[in-house]
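Working through the structure, step by step
Read off the chains here:
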Amino acid sequence: MAAPRLLLLALALTAACWAGRADGHGVHPLSRIAIHRARVALDASSAVRASPKLLGSRCVNMPRLSWIRPRPCDMLGAGEGYAQSGKGTLKFQLINQRQDFSFGLFTGGLSNPILVAVSNKIAFVNPKAPVYPRLALGKTWNEMTVTWASGYAISEAYPFVEWGMKGSRPGRAPAGTVTFGRESLCGEPASTVGWRDPGFIHTAFLKNLSAEKEYYYKIGHMLHNGKVIRGKLNFFTAPPCPGQKSLQRVVIFGDMGKAERDGSNEYQNYQLASLNTADALIRDLDNTDIMFHIGDISYANGYLSQWDQFTQQVEPITSRVPYMLASGNHERDFPNSGSLYNGTDSGGECGVLAETMYYAPRENKANYWYSTDYGMFRFCVADSEQDWRKGTEQYKFIEHCLSTVDRAKQPWLVFIAHRVLGYSSGFSYGYNGAFAEHMARQSLEKLWRRHRVDVAFYGHVHQYERTCPVYEEKCVREGTVHVVVGGGGSHLTNFTTEVPPWSVYRDMDYGFGKLTASDETTLQFEYRRSSDGKVYDSFTMHKDKQDV
């Protein structure tokens, strides 16, 4: 078994006894502990103990830490009476990440951390157990994929999905297995201090589904001794066939991230609202058929363990409905990595984590763009982090995706990208008068017009905004409606003071969008806030049948 993972007791004892608040984007000062300067000076008068020593088979557990430090200081979060007794307790959430855990108690302040005590080891019943299933559409309309993580290499166990139509006997679909090492990543911190073994990622393809029928499934592994390890029972509804006229509901949002439900702080702690969004989406899950998370997925930013945290946070969603991704700057961007932008937002991940942890029906693994059909919808999902300008490979993909749709079957044509390639009056886009990525509309707007794109969705700016049907900055009858749904959970951003004439509704709050279609003539859109799930903006598109 691998050596236990040492977790810092970061609200540990500090000589300065800081008790301030988060600042900036919510980065907590305790995340600035200079761990690279840490030294070991174990102190027999200090102790930290973790209990219980064996955690249950559930993915999420709530262990308790108790510690003693004889030279206490009054520390926020250390527990009532700590300053007098030098003793404290803490209960927090711990998820299965394929290894045992132990905990370190530090003193010495943020700049000079000193390890004074190490706890006993605590372990999961089966740290290798299959966890966090996520569904996605396959490359044909009647195929669903199931992806999950485990600690089982293919040499140890055979991965599979046990599945069938509700009421029928199960069959088994084999799963492929992949992993990656530090050498696959392109920079720090992902390849250095942020590295954590990702375990093994498995994907199975469930084929020849019957349209809109309910199916059950369990992820599992058969060990070489014949023992079978299974996940819990889950259900999903198969997609409608192309052109099928039925109630079809699509949720779209971006820039979600993750946060700690136990209230603890973490590095880059600025996505607290992601919990509200996740909870709102879960509450509405019975009225949702498919979901698009359009970039800035986990905000791990090169700290790989946070991908496990994110997949656990959204598992109630991804285990039930297809969860489709688009690539954002926090997944892809890094200098000299082939990204269109030269920033460091991926923390050296360079797309490897997003490409591996979640399935998308891409034709080429190196290119995070794809088209997918769902009933009366066609979605053309672009990768705004790779070159989309005229003459590029991606431009040709976008043109092909838009031009080959059969509007008799898919009357509703939707374009998706992470960065705003259309219209936004977010301050970062509007301050210089461009209101979009540089050269974006010059490259793509004629395509949207020619192929009658109904709606385009973006994230990247952390807010909600909707335009009128617009073309060349004018509201026109045959234009495309552009919608920014970047308020999934990351810190909010400002709008320009002046409202452009094409901007119909702006909301600096957290939320998500929802498309609903039941036939080829009417499409409804709603913007809902995460805080209460209520509708704050909406519009309805109508088409004559002869137009379709």
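Here, the structure is the one placed above.
For the structure given in this document, a descriptive report is provided here. The written sequence of each chain sets the order in which its residues are numbered from 1. Where totals are concerned, whole chains, interfaces and linings use all residues; where local detail is concerned, this predicted model gives features only for residues with pLDDT of at least 70, and gives and counts side-chain atom pairs only at 80 or more. With hydrogens and water excluded, all non-hydrogen atoms of the structure serve as input to the side-chain values.

1. A few points about the sheet that holds strand β3 (residues 47-51)
We apply this condition: What makes two strands pair is DSSP finding at least two bridges between them. Helix numbers and strand numbers start at the N terminus; a helix is a DSSP run of H or I with at least 4 residues, a strand a run of E with at least 2. Helix axes are fitted to C-alpha atoms over the stretch in contact, other axes to C-alpha atoms as well, and angles between N-to-C directions run from 0 to 180 degrees.
In spatial order, the strands read β3-β6-β7; together these 3 strands make up an open sheet with antiparallel pairing. Pairing within the sheet leaves two strands with one partner each, and these edge strands are β3 and β7 (87-91). Between one strand and the next, the sheet's axes are offset by a mean angle of 15°, whatever the strand orientation. With 5 bridges joining them, β3 and strand β6 (residues 64-68) adopt antiparallel strand pairing. Looking at β6, one finds that V48 is bridged to W67.

2. With respect to the side chain of D383
What counts, and what does not: Only protein chains enter the accessibility calculation, which uses a 1.4 Å probe. A residue is then buried if its area is under 20% of the maximum for its type, exposed if over 50%, and partly exposed in between. Positive residues here are Lys and Arg, negative ones are Asp and Glu, while His and the chain termini are left out of the count. We count a salt bridge whenever a side-chain nitrogen from Lys or Arg sits within 4 Å of a carboxyl oxygen from Asp or Glu. Definition of a polar contact: a pair of N or O atoms within 3.5 Å, with one able to donate and the other able to accept a hydrogen when the atoms are protein atoms, and with sequence-neighbouring residues admitted only if both atoms are side-chain atoms.
With respect to the helices and strands, the residue D383 is situated in the loop between β24 (377-381) and α7 (393-403). R332 provides the closest opposite charge to the buried, unpaired D383, separated from it by 5.3 Å. From its side chain, D383 meets the backbone nitrogen of E385 in a polar contact 2.9 Å long. Of the polar contacts made by the side chain of D383, one reaches the side chain of Q386; its length is 3.0 Å.

3. So, the sheet that holds strand β27 (residues 464-467)
Think of a sheet as strands paired side by side through backbone hydrogen bonds, with each pair either parallel or antiparallel. What the 7 strands build is an open sheet, ordered β23-β24-β25-β26-β30-β27-β31; its pairing is mixed. A single partner strand is all that each edge strand has here, and the edge strands are β23 (370-374) and β31 (503-507). Direction aside, neighbouring strands of the sheet carry axes that sit 15° apart on average. Bridge count for strand β25 (residues 412-416) against strand β26 (residues 455-458) is 3 bridges, and the pairing is parallel. Opposite I416, over in β26, you have F457 as the bridge partner.

4. A word on the state of the cysteines
This is how it is decided: Cysteine sulfur atoms that pair up within 2.5 Å are treated as a disulfide.
Applying the stated criterion to the full structure yields 3 disulfides. Two residues share a disulfide in this structure: C186 and C350, whose sulfurs sit 1.5 Å from each other. Here the disulfide of C186 and C350 is right-handed, its torsion about the S-S bond being about 40°. With a gap of 164 residues between them, C186 in the loop between β15 (171-178) and β16 (200-206) and C350 in the loop between α5 (329-332) and α6 (352-357) connect regions that are remote in the sequence. Judged by relative accessible area, which is 10%, C350 ranks as buried. Here C468 connects covalently by a disulfide to C475, the sulfurs 2.0 Å from one another. Between C468 and C475, the S-S torsion sits near -85°, and that sign places the bridge as left-handed. The buried category is assigned to C468, whose relative accessible area is 8%.

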